[in-house]
Amino acid sequence: MGALFFFLCRGVHSFTLLLGLGSALLLITTCRGATFTFVNKCDSTVWPGILSSAGSPKLGSTGFELKKGGSRSFQAPTGWSGRFWGRSGCDFDGSGQGSCSTGDCGSGE
């Protein structure tokens, strides 16, 4: 597993995270908002997970489906901190309950 660490202090920042076979942990501290863009360059669908740190606002999702070749962006507010990680082999029902083969957080969501 790789680890990415960003510490930001000025301006509005934009990052593109390319999802591969390994997962990445991202910790962020910001002085201004940031845009995170996820691009799936894998051969199959992946489900990036999102977890905001205690006291940080949620980004509108705790995870999402990202089909092969797809992309999705999130705008993080000033001061947001949290992490992203890759999940694969996920199976979710219509209510959002399920599990993943890799990267599962055990919450069932």
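Residue positions are counted from 1 within each chain, in the order its sequence is given. Where local features are concerned, this predicted model is filtered to residues with pLDDT of at least 70; where side-chain atom pairs are given and counted, the filter is 80 or more; whole-chain, interface and lining totals use all residues. To get the side-chain values, all heavy atoms of the structure are used, and hydrogens and water are removed first.

On to the side chain of Ser52. Within the secondary structure layout, Ser52 lies in strand E5 (residues 49-52). There is a polar contact of 3.0 Å between the side chain of Ser52 and the backbone oxygen of Pro57. In protein, a polar contact requires one atom able to donate a hydrogen and another able to accept it; more generally it is a pair of N or O atoms within 3.5 Å, and residues adjacent in sequence count only if both atoms are side-chain atoms. Polar side-chain contacts of Ser52 include one of 3.0 Å to the side chain of Trp80. Residue contacts follow a heavy-atom distance rule, with two residues in contact if any of their heavy atoms lie within 4.5 Å. Non-local contacts of Ser52, meaning those with residues more than four positions away in its chain, are made with Pro57, Lys58, Leu59, Trp80, Ser81 and Gly82. Helical segments are the DSSP runs of H or I of at least four residues, strand segments are the runs of E of at least two, and each set is numbered from the N terminus.

Looking now at the confidence of the model for the protein chain. How sure the predictor is of each residue is captured by pLDDT, a score from 0 to 100. Mean pLDDT over the protein chain works out to 74, with 67% of the residues at or above the 70 mark. Low pLDDT (under 50) marks residues 1-19, which in the prediction has 56 contacts with non-local residues, meaning those over four places away or in another chain.

Now for the nonpolar core. In terms of nonpolar packing, the biggest core is built from 13 residues, with Phe36, Phe38, Leu59 and Phe84 touching the most fellow members. Mapped by element, the contributors of at least two residues to this core are strand E4 (34-40) and strand E6 (71-76). Within this scheme, the nonpolar core is defined by two criteria: the residues are buried Ala, Val, Leu, Ile, Met, Phe, Trp, Tyr or Cys, and they are joined through side-chain atoms within 4.5 Å. Burial classes follow relative accessibility: with a 1.4 Å probe on protein chains only, a residue under 20% of its type's maximum area counts as buried, one over 50% as exposed, and anything between as partly exposed.

Two side chains bearing opposite charge may form a pair once their charged atoms approach each other closely. By convention in these notes, a salt bridge is any Lys or Arg side-chain nitrogen within 4 Å of a carboxyl oxygen on Asp or Glu. A full pass over the atoms with the stated rule returns 1 salt bridge. Across the salt bridge formed by Glu65 and Lys67, the nearest N and O atoms sit 3.4 Å from each other. The exposure class of Glu65 is partly exposed, given its relative accessible area of 44%. Owing to a relative accessible area of 53%, Lys67 belongs among the exposed residues under this scheme.

Our next topic: the pairing of E4. In regular strands, side chains alternate between the two faces of the sheet. Of all 7 residues in E4, 7 are buried; the element is thus mostly enclosed. The side-chain alternation of E4 yields two buried faces, one formed by Ala34, Phe36, Phe38 and Asn40 and the other by Thr35, Thr37 and Val39. Any two strands between which DSSP finds at least two bridges are classified as paired. Looking at chain direction, E4 and E6 are connected through 6 bridges and run antiparallel. Considered in E6, the bridge of Phe36 is made with Phe74.

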